[in-house]
Amino acid sequence: MDDDNLDWKPKERVLYARNRQPGARPAVVGGTAITEELAGELRIIAFGTASCPPRGEWIHTPLVMRPSEQPLAYGLAAQRNGTRSLLSALQAHIIKWLLFDSRPMTKDNKSAEPPESYLRPSEERQEEALWRACSEVIWRCGDGSTSQTEAKVTVALPTTTAYVQHSPQYYQDGITEMLHLFEFKSLEDLQIFIKRYLYLFQTEDGSGSLLLLYACILSRGCENVKKDLDGKLTYLVSTQVEGSLNVATLLLTGRATPYLHNGVQYVGDEDHYAMPQFGVLSRSSVGLLVWYGNEDGVTKNVTKQNPGSRLKTPALPIWVTCCSGHYGVLFNTNRELLRNYHAERRFDIHYYTCGGCHVLLNVDTRAHEDLAPLRNDDITATPLEKLIHTKWQEAKITWSGAVPFAGDSPN
């Protein structure tokens, strides 16, 4: 049993967005039609080839929220497939907006309403969280994290006309060859555009995940993505079941780096010049925690990179997690958690995956005589506990409710 069944409920049917009235679906007009050269380059940098179609899940995974004003209404809903790393990074930014960016603050830096109330958004707030989160990660990929005057981003939307014909060099996928490209130089203009055409990302059985991936690649630039990968990979989307860590770092940092350490490290030996490896160049607003698990299965061919402090200790208490190749999100509702020693001594933390798994855990970092200093090698600890220990090494972790069997835990 995988992590999506951790909530011990019958497998649920993914609920897609309601069909809007035709008047709420503006046609895609303007922009620049994609060229054959760019279509091929985009497919190659994303999937490694243009002569074969992308995996089907990228063509048929929309961006869909769970039922509004209900438990888990803050969550994206999707099947387990190769889009999961991208959706988990987007999910973290949705939670960021709902819990922190949109919450009115009082003079003592506390919310007027309980934070949990913001995790059951209305349908209107769900949509706002979605278009704001999409805009934020796209804008970051265009180097818009520090300056709104120098950044430029590109969004590609599908039309009904194919601009690239089927050939031995290019296999039509029904999306890439039909794209129109739109450029933006301000975050506000980008947000207005994404809000207007959000339905294209949400359409049932649609390609919302692919459109978001393409927007991030185009905004970063195909050549820059190649440089980011630094020869470790030749393309962005890996063959891993739940997707590539590089896709997650692209959305989190704006760069598809395979290196998770802080700053730049120079690596070489007596036979080679020291070459720079560009890691995480600034503290991220959303973090990343990784636990690779055993040397078999999904992680046997993965180069192990442990996140540095800029990912382990982000500006806000939200982390994308990669636990033995399974992606999810950890978050705490107190924005001061990582800034207040007393708050970090004992706290609750939520774990969510886009497959509908949700658990609440208590993390106690106070000294405990009955615990060994490290539990990463403790065979009784679940994979999720071991992942949490990469951040809080000596913490005592308590599950709310019954502890699941080993097969039910994230692994």
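Residue numbers run consecutively from 1 along every chain, following the written order of its sequence. Residue-level local features of this predicted model are given only where pLDDT is at least 70; pairs of side-chain atoms are given and counted only at 80 or more, and the full residue set underlies all totals for whole chains, interfaces and linings. Excluded from the side-chain calculation are hydrogens and water; included are all heavy atoms of the structure.

Here we look at the overall build of the protein chain
Right, on to step 1. The secondary structure content of the protein chain amounts to 11 helices and 11 strands.
Right, on to step 2. Each residue is assigned to one of three classes by its accessible area relative to the maximum for its type, calculated with a 1.4 Å probe on protein chains only: buried under 20%, partly exposed between the two thresholds, exposed over 50%. For the protein chain, the proportion of its 411 residues judged to be buried stands at 56%.
Right, on to step 3. Put simply, 68% of the contacts in the protein chain that link residues at least 6 apart link residues at least 24 apart.
Right, on to step 4. Note on areas: these come from Shrake-Rupley sampling with a 1.4 Å probe, and a residue is covered only by the protein chains present in the view. Surface summary for the protein chain: the accessible area is close to 18900 Å², and the carbon and sulfur share equals 49%. Every helix listed is a DSSP run of H or I at least four residues long, and every strand listed is a run of E at least two residues long, numbered separately from the N terminus. Only heavy atoms enter the contact rule, under which two residues are in contact if any of them lie within 4.5 Å.

Considerations on the sheet that holds strand E2 (residues 153-158)
Right, on to step 1. Within the open sheet, the three strands sit side by side as E1-E3-E2. Their pairing is antiparallel. Unpaired on one side and paired on the other, strand E1 (32-33) and E2 mark the two borders of the sheet.
Right, on to step 2. For E1 and strand E3 (residues 179-184), the ladder comprises two bridges, and the chain directions are antiparallel. Directly across from Ala-33, in E3, lies its bridge partner His-180. Between any two strands, pairing holds if DSSP finds at least two bridges.

Looking at the packing of aromatic side chains
Right, on to step 1. For Phe, Tyr and Trp, where Trp contributes only its six-membered ring, two rings pair if their centres lie within 6.5 Å, and the inter-plane angle classes them as stacked under 30 degrees, edge-to-face over 60, or tilted in between. Enumeration over the complete set of coordinates arrives at eight aromatic pairs.
Right, on to step 2. Aromatic pair Tyr-74 and Tyr-352: ring centres 5.3 Å apart, planes at 65°, arrangement edge-to-face. Residue Tyr-74 is located in the loop between helix H2 (56-59) and helix H3 (84-101), and its partner Tyr-352 is located in strand E9 (residues 346-352); the two are separated by 278 residues in the primary sequence.
Right, on to step 3. Taking the centre distance of 4.9 Å and the plane angle of 45° together, the rings of Phe-182 and Phe-193 count as tilted. With Phe-182 in strand E3 and Phe-193 in helix H5 (residues 187-196), this residue pair connects regions lying 11 residues apart in the sequence.
Right, on to step 4. The exposure class of Phe-182 is buried, given its relative accessible area of 8%.
Right, on to step 5. Using a relative accessible area of 10% as the deciding quantity, one classes Phe-193 as buried.
Right, on to step 6. Connected via pairs of aromatic rings, a cluster forms that spans Phe-182, Phe-184, Phe-193 and Tyr-197.
Right, on to step 7. Comment: the charge-over-ring label is applied if NZ (Lys) or CZ (Arg) is within 6 Å of the ring centre and within 35 degrees of the ring normal. In this arrangement the basic side chain of Arg-43 is found over the ring face of Tyr-170, its NZ or CZ atom lying 4.8 Å from the centre.

Looking at the side chain of Asn-362
Right, on to step 1. The residue Asn-362 is located in strand E10 (residues 358-364) in this model.
Right, on to step 2. Assessed through its relative accessible area of 12%, Asn-362 is described here as buried.
Right, on to step 3. In protein, a polar contact requires one atom able to donate a hydrogen and another able to accept it; more generally it is a pair of N or O atoms within 3.5 Å, and residues adjacent in sequence count only if both atoms are side-chain atoms. Reaching out from Asn-362, the side chain makes a polar contact with the backbone oxygen of Phe-347 at a distance of 3.4 Å.
Right, on to step 4. Here Asp-348 takes part through its side chain, which lies 3.0 Å from a polar atom of the side chain of Asn-362.
Right, on to step 5. Not counting the four nearest positions on each side in its chain, Asn-362 is found in contact with Arg-346, Phe-347, Asp-348, Lys-396, Ile-397 and Thr-398.

Re the confidence of the model for the protein chain
A low pLDDT means the predicted coordinates there should not be read in detail.
Right, on to step 1. Averaged over the protein chain, the pLDDT score is 86; the fraction of residues at 70 or greater is 82%.
Right, on to step 2. A residue's pLDDT is simply how confident the predictor is in it, with values from 0 to 100. Overall, residues 402-409 carries pLDDT values under 50, and its contacts beyond four positions in sequence, including any with other chains, amount to 15 contacts.

Side note on the sheet that holds E9
Right, on to step 1. Taken in spatial order, the six strands line up as E6-E7-E8-E9-E10-E11 in an open sheet, and their pairing is mixed. One side of each edge strand has no neighbouring strand; the edge strands of this open sheet are strand E6 (287-291) and strand E11 (396-399). Averaged over all neighbouring strand pairs, the angle between strand axes comes to 30°, with direction disregarded.
Right, on to step 2. The pairing of E10 with E11 spans four bridges and is antiparallel. Across the sheet, Asn-362 pairs through a bridge with Thr-398, a residue of E11.
Right, on to step 3. Each axis is a line fitted through C-alpha atoms, taken for helices only over the stretch in contact, and angles between the N-to-C directions span 0 to 180 degrees. Relative to strand E8 (residues 326-331), H3 is tilted by about 10°, and along the sheet it contacts strand E7 (318-323), E8 and E9.
Right, on to step 4. Packing of helix H9 (residues 245-253) onto the sheet brings it into contact with E6, E7 and E8, and relative to E6 it is tilted by some 165°.

Describing the nonpolar core
Right, on to step 1. Membership of the largest hydrophobic core comes to 95 residues, with the highest contact counts inside it found for Ile-138, Ile-194, Leu-213 and Ile-217.
Right, on to step 2. Top element by residues in this core is H3. It accounts for 11 residues.
Right, on to step 3. Dropping the residues within four chain positions of it, Ile-217 is found in contact with Leu-42, Ile-45, Ala-46, Cys-222, Val-225, Leu-236 and Leu-250.
Right, on to step 4. To form a nonpolar core, buried Ala, Val, Leu, Ile, Met, Phe, Trp, Tyr and Cys residues must be joined to one another through side-chain atoms within 4.5 Å. If you look at the next biggest cluster of nonpolar residues, it comprises 22 residues, including Leu-337, Cys-357, Leu-387 and Ile-397.

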